[in-house]
Every structure is written in C-alpha cells, then in structure tokens.
Amino acid sequence: MIFHRVPASLAQFDVLLAHNSQDKPQVRAIANELKQRGLKLWLDEEQILRPGSSFQQEILQAIPLVKTAAIFIGVKTLGRWQVLELESLVQECVENNIHIIPVLLPDVSMIPENLRFLRRYRFVSFLQQVSDVEALNLLEWGITGRRPERKLEPNQVIQTNVIKTDDLSSDKAVDYTRLRNLLKAGEWKEADAETLGVILKAFGREAEAYLDYRSINNFPCTDLRTIDQLWVKYSNGRFGFSVQKRIWESVGGNPYAILYEIFEHFGDRVGWRVEKDWIDNEGVNFSTSAPEGHLPYSILEVHFQMETCFFSRAKTCKV
C-alpha cells in the first residue's frame, strides 16, 4: 500500500509518534516537551477518536500527512505480530520518503535484535529520563532538520566564559598552543594528528606511536580536560572526548561491559563503521559534516578493549 505523498510544505504534522501502548506515559511526557517547542505531533490518542477504528490502518493513513516518524522503543519486548506491523510501518515510511528516527526510552541501551531493521537509522537515546534536554534537542533536530540552540544554566554560562580564554593547562608541561590554533582554524585533519602527537609526547611514547593500558590509566586528568575542551569549543560541541564518551555510554558502554557489540554500535553512531565495515584513515571525514563524535579519530583507532579503557579514564576524570 503506497499513499500519495503531499509536499513537505503542506504536511499537517511535523512528526508521527509510533509506540507500544505500554510506553504511553513516557511517550506522552516527551510529546508534551515537543509541543512546548512548537512542533505539531500526530499521536494516536489525539487523532484516532472513533471507537472501533483500526490503529494500524489509521497510522498508515497518517503517513502522507507527516514529515517524520519517531519510532519509540521501550523495555517491554514486542510480540511477533507487533514487530511485523512495525516493520510494515517503516517500509511505508521509506516508500513515502518519510524521515525515520528510532527513539530509545529510559533503560534501553540499544536497538534489540528483533528490531534490527531499525539499526540502519541513527537513533536518539533517552538513557536515564524522558526530560533529558540533550536527547530532546537531538530529537528536535532530527524532526525539523534544524539544530536547536543549547540553553545553558547560569553556572554553565559562567564556566563557558572561563574557558573562552582557552585554558591550556598541562600536568606534563605540554604546549597545546598549536593544537588550539589548528582547531580554531578548522584544520581538523592536522588537529587530529596533533592530538595524537601531544598525547604521545606527554608519555614519552613517540617512538611507539601508540598508548598502552598503563599510559591510559595514568593519563593526567588536567591534560585530558584541556584537549577535550579545545575540541568541544572549536567544533561547537560536535567533536571531543566528552562527546564520544556520552555516545559510548548511550549504546551501553561502561567500564564493566567490554563487549565488541558495544564497540560496533559506537562505531555506527560516530561514523567509524559504514555498512558493517570499519573505515580506515582514508575514510575519515575531516569536516563538520561528519557524524557527531567522529573526531578525534587517530588516538582511538585501537582495539575495542583499549577504547573502553580510554572512556573509563575520561569518566574518572569527569570529562
């Protein structure tokens, strides 16, 4: 069944919220947040009013009226028929050129195996609570195509003003001036190489050209924060260790879960893995069009256990 698609400019709704009825309270809470941001939502309980109406049929008929479909995934597993219905809905969206966004509700760390057909799409994760502002911003961005401005709390504004002068502190007497200048100029490839260089220099491992577990576990927090703040500041929050750590945690990463599957999901999210194949140096996108968390790359182009060790250190340092 393919419906006649109306032009995006004439669509009545910004997004359709598809979900399991058992997740209704959480979806309602997110819907209310999106409404406050001025978005027009298609939500079954608001649009399907006639008793005896078929939910599946009504939802399919709504597809031509929306620009985006948000597919919510909760902790309650779906039955076989529910999965088939959802797969049918996704197929209709694809055929009608509807943007698809999987949304992971709290306590869901990754897209389950029975919904693997959704893994090709970048998801938004409400890992801990539905009021997560960062996740709401990402969801709004996915729906509208416009990234919302981040609203900072007063204490965050003060912190930003402090970092404006570029704190280049180092416990290893490393000079981060060149890294700062490269990032400021948007020279992402050179900055990536410089990041690896200054970190190796700090530990006297320039000859080895890589870090070992001991080096990572003893990496000075001051230097880690300095490097991260520079990347975050000059990429407008797109790149940096703290950005990568947040994504790693959103796909289930933690110091006690050294699983290759988590590494794969992380690679998919940051663009280091494309269609199940890992990129090499030539495949790195050294531009701001790269996925969030794509850079820095060279320092983390290592075995997945080393990556877990590095993000665990970042967590310890509160990066």
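What you see is a predicted model, and the numbers here were worked out from it, not measured in a lab.

1. So, the side chain of serine 312
- Inspection of the secondary structure puts serine 312 in helix α13 (residues 304-316).
- Overall, serine 312 belongs to the buried group, its relative accessible area being 16%.

2. Side note on the pattern of salt bridges
- What the rule picks out here adds up to 14 salt bridges.
- With a shortest N-O distance of 2.6 Å, arginine 37 and glutamate 140 are connected by a salt bridge. Within this pair, whereas arginine 37 is found in the loop between α1 (24-36) and β2 (41-42), its partner glutamate 140 is found in helix α5 (residues 133-144), the two being separated by 103 residues in sequence.
- Glutamate 292 is the salt-bridge partner of arginine 122, the closest N and O atoms lying 2.9 Å from each other. On the criterion of sequence distance, the pair formed by arginine 122 in the loop between β4 (99-104) and β5 (124-125) and glutamate 292 in the loop between β7 (277-278) and α13 is long-range, its members being 170 residues apart.
- Three or more residues joined by partner-sharing salt bridges are found here, namely Arg122, Arg147, Arg246 and Glu292.

3. Some points on the confidence of the model for the chain
- When pLDDT is averaged along the chain, the result is 81; 84% of the residues meet or exceed 70.
- The element-level mean pLDDT for the chain is lowest in helix α6 (residues 154-163), coming to 42, with helix α7 (residues 177-184) highest at 95.
- In this model, residues 1-10 is a region of pLDDT below 50 whose contacts with residues beyond four sequence positions or in other chains number 21 contacts.
- Counting contacts from residues 152-163, a segment whose pLDDT is below 50, to residues more than four positions away or on other chains yields five contacts.

4. Some words on helix α10 (residues 221-234)
- The terminal C-alpha atoms of α10 lie 20 Å apart, and with 14 residues this matches the ideal 20 Å at 1.5 Å per residue to within 8%.
- Among the residues of α10, Cys221, Asp223, Leu224, Thr226, Ile227, Asp228, Leu230, Trp231 and Tyr234 are the ones counted as buried.
- Remark: asparagine 236 follows α10 within two positions and exhibits a positive phi of approximately 55°.

5. Details of the packing of helix α11 (residues 241-250) against helix α12 (residues 260-270)
- The interhelical angle for the contact between α11 and α12, taken along N-to-C directions, is 130°, at an axis separation of 9 Å. Between α11 and α12, the angle falls in the class oblique. In terms of crossing hand, the pair formed by α11 and α12 is right-handed. Here Gln244, Ile247, Trp248 and Ser250 of α11 come into contact with α12, specifically with Ile262, Phe266, Arg269 and Val270.
- Looking at side-chain class alone, the contact of α11 with α12 contains five nonpolar, two polar and one charged residues.

6. What about the packing of aromatic side chains?
- All told, the structure shown has ten aromatic pairs when counted by the stated rule.
- Relative to phenylalanine 239, the ring of tryptophan 188 lies with its centre 5.6 Å away and its plane at 80°, an arrangement referred to as edge-to-face. Taken as a pair, tryptophan 188 in helix α8 (residues 188-202) and phenylalanine 239 in the loop between α10 and α11 lie far apart in primary sequence, 51 residues in all.
- The exposure class of tryptophan 188 is buried, given its relative accessible area of 8%.
- Ring plane angle 25° and centroid distance 4.7 Å describe the contact between phenylalanine 263 and tryptophan 278, whose orientation is recorded as stacked. Note that phenylalanine 263 is positioned in helix α12 and tryptophan 278 in strand β7, a separation of 15 residues in sequence.
- The exposure class assigned to phenylalanine 263 is buried, which follows from its relative accessible area of 8%.

Thresholds, definitions, all that
- Position numbers for residues start from 1 in each chain and track the written sequence from start to end.
- The predicted nature of this model means local features are confined to residues of pLDDT at least 70 and side-chain atom pairs, given and counted, to a pLDDT of 80 or more, with totals for whole chains, interfaces and linings taken over all residues.
- The basis for every side-chain value is the complete set of non-hydrogen atoms in the structure, without hydrogens or water.
- Going along the chain from the N terminus, every DSSP run of H or I of four or more residues is numbered as a helix, and every run of E of two or more is numbered as a strand.
- Burial classes: relative accessible area under 20% of the type maximum marks a residue as buried, over 50% as exposed, and values in between as partly exposed (1.4 Å probe, protein chains only).
- Salt bridges are defined as contacts in which a side-chain nitrogen from Lys or Arg sits within 4 Å of a carboxyl oxygen from Asp or Glu.
- pLDDT expresses how confident the predictor is about each individual residue, on a scale running from 0 to 100.
- By the convention used here, residues are in contact when the closest approach between their heavy atoms is within 4.5 Å.
- One less than the number of residues in a helix, times 1.5 Å, gives the span that helix is expected to have.
- Simply put, an axis is a line fit to the C-alpha atoms, just over the touching stretch for a helix, and the angle between two N-to-C directions goes from 0 to 180 degrees.
- Roughly parallel refers to an angle under 35 degrees, roughly antiparallel to one over 145, roughly perpendicular to one between 65 and 115, and oblique to any angle outside these ranges.
- Left-handed describes a crossing in which the near helix is turned anticlockwise from the far one by less than a right angle; the clockwise case is right-handed.
- Ten residue types, Ala, Val, Leu, Ile, Met, Phe, Trp, Tyr, Cys and Pro, are classed as nonpolar, four, Asp, Glu, Lys and Arg, as charged, and the remainder, Gly among them, as polar.
- When the centres of two rings from Phe, Tyr and Trp lie within 6.5 Å, Trp using its six-membered ring, the rings pair. Their planes under 30 degrees apart give stacked, over 60 give edge-to-face, and anything left gives tilted.

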